[in-house]
Amino acid sequence: MQINIGYVEDDEDDFVLLQDLLGEISLFEPQLQWLPGHDVALPEMCANRHDLYLVDFRLGARDGLQLLQDAQEGGCQVPLIMLTGQGDHEINVRSMRHGAAEYLAKSELDVRSLERAILPAVERQRARSELDARERRARATLAQAPLGSAHGARGGRWVRVD
């Protein structure tokens, strides 16, 4: 299974390191695109052009939390995973409150932690999208269904059907 990942990171060296780690993944086929900052990433995220976004917390003038908020307000429907240089409980809590599916410290990243974070987040989103599509189809079917009424009498005999 291919997973298209947008990586919002202002440091090209960190992008290259993550690209190398993702190259070792065997559970899915990651396709990584570098989005080097808020202004480049936001239109991509609002258009839902990837299956998942990895967002660095430190993005120069704006932080990753601001990007998460802007993306959600702009209609981003795909999972977002916050990355930062160090594990910080406060940033973790704030990330989750801003809608991040997961939070990972870059210092603790390895192939397994990426697989455990990315694959379930994408699978949950795909299942949610499928349920939404089924609900839309069911609503459309019901909206087109003829409405009528049936009147019954005692003993189970139908008296009138409209």
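Here we summarise the structure given alongside this text. (Residues numbered from 1 in each chain as written. Predicted model: local features only at pLDDT ≥ 70, side-chain atom pairs only at ≥ 80, totals over all residues. Heavy atoms only, no water.)

Moving on, we come to the overall build of the chain. Of regular secondary structure, the chain possesses 5 helices and 9 strands. Within the chain, buried positions represent 37% of all 162 residues. Counting only contacts in the chain whose residues sit at least 6 apart along the sequence, the fraction spanning at least 24 positions is 62%. Approximately 9,700 Å² of the chain is accessible, and the part contributed by carbon and sulfur atoms is 47%. (Helix = DSSP H or I, 4+ residues; strand = E, 2+ residues; numbered from the N terminus. Buried < 20%, exposed > 50% of the residue type's maximum accessible area, 1.4 Å probe, protein only. Contact = heavy atoms within 4.5 Å. Areas by Shrake-Rupley, 256 points an atom, 1.4 Å probe, with all protein chains shown as cover.)

Further remarks concern the pattern of salt bridges. According to the stated counting rule, one finds 10 salt bridges in the structure shown. For the salt bridge of Asp51 with Arg126, the shortest nitrogen-to-oxygen distance reads 3.5 Å. Placement of Asp51 in the loop between helix 2 (38-46) and strand 3 (52-56) and of Arg126 in helix 5 (residues 111-144) is noted, with a sequence separation of 75 residues between them. Via salt bridges that share partners, Glu9, Asp14, Asp56 and Lys106 belong to a single interconnected network. (Salt bridge = Lys/Arg side-chain N within 4 Å of Asp/Glu carboxyl O.)

This part covers the nonpolar core. The tendency in soluble globular proteins is for nonpolar side chains to be buried side by side. In this structure, Leu52, Leu54, Ile81, Leu114 and Ile118 are the most contacted members of the largest nonpolar core, which totals 21 residues. Those elements that provide at least two residues to this core are strand 1 (2-8), helix 1 (12-22), strand 3, strand 6 (80-84) and helix 5. When sequence neighbours within four positions are dropped, the list of residues in contact with Leu54 reads Ile5, Gly6, Tyr7, Val8, Leu18, Ile81 and Leu83. Among the nonpolar cores identified, the runner-up in size contains 20 residues, and Leu42, Met45, Ala71 and Ala100 belong to it. (Core = buried A, V, L, I, M, F, W, Y, C linked by side-chain atoms within 4.5 Å.)

Another aspect to go through is the packing of aromatic side chains. Given two aromatic rings, one states the distance between the centres and the angle between the planes to describe the pair. Going through the model one piece at a time under the given rule, you end up with 2 aromatic pairs. An aromatic cluster is built from Tyr7, Phe15 and Trp34, whose rings are joined through pairwise contacts. (Phe/Tyr/Trp six-rings, centres within 6.5 Å; stacked < 30°, edge-to-face > 60°.)

Attention shifts here to the pairing of strand 2 (residues 29-35). As defined by bridge partners, strand 1 adjoins strand 2 across 7 bridges and the pair is classed as parallel. The residue of strand 2 that forms the bridge with Val8 is Leu35. Handedness of the crossover joining strand 1 and strand 2 through helix 1: right-handed. (Pairing = 2+ DSSP bridges. Right-handed = clockwise from strand over helix to strand, strands pointing away.)

We now examine the packing of helix 2 against helix 3 (residues 64-73). Contact geometry for helix 2 and helix 3: axes closest at 9 Å, N-to-C directions at 35°. With respect to the hand of their crossing, helix 2 and helix 3 are arranged in right-handed fashion. Residues His38, Ala41, Leu42, Met45 and Cys46 of helix 2 lie in contact with helix 3, whose contacting residues are Leu67, Asp70 and Ala71. Counted by class, the contact of helix 2 with helix 3 contains 6 nonpolar, 1 polar and 1 charged residues. (Axes fitted to C-alpha atoms, helices over the stretch in contact; angles between N-to-C directions. Left-handed = near helix turned anticlockwise from the far one by under 90°. Nonpolar A, V, L, I, M, F, W, Y, C, P; charged D, E, K, R; others polar.)

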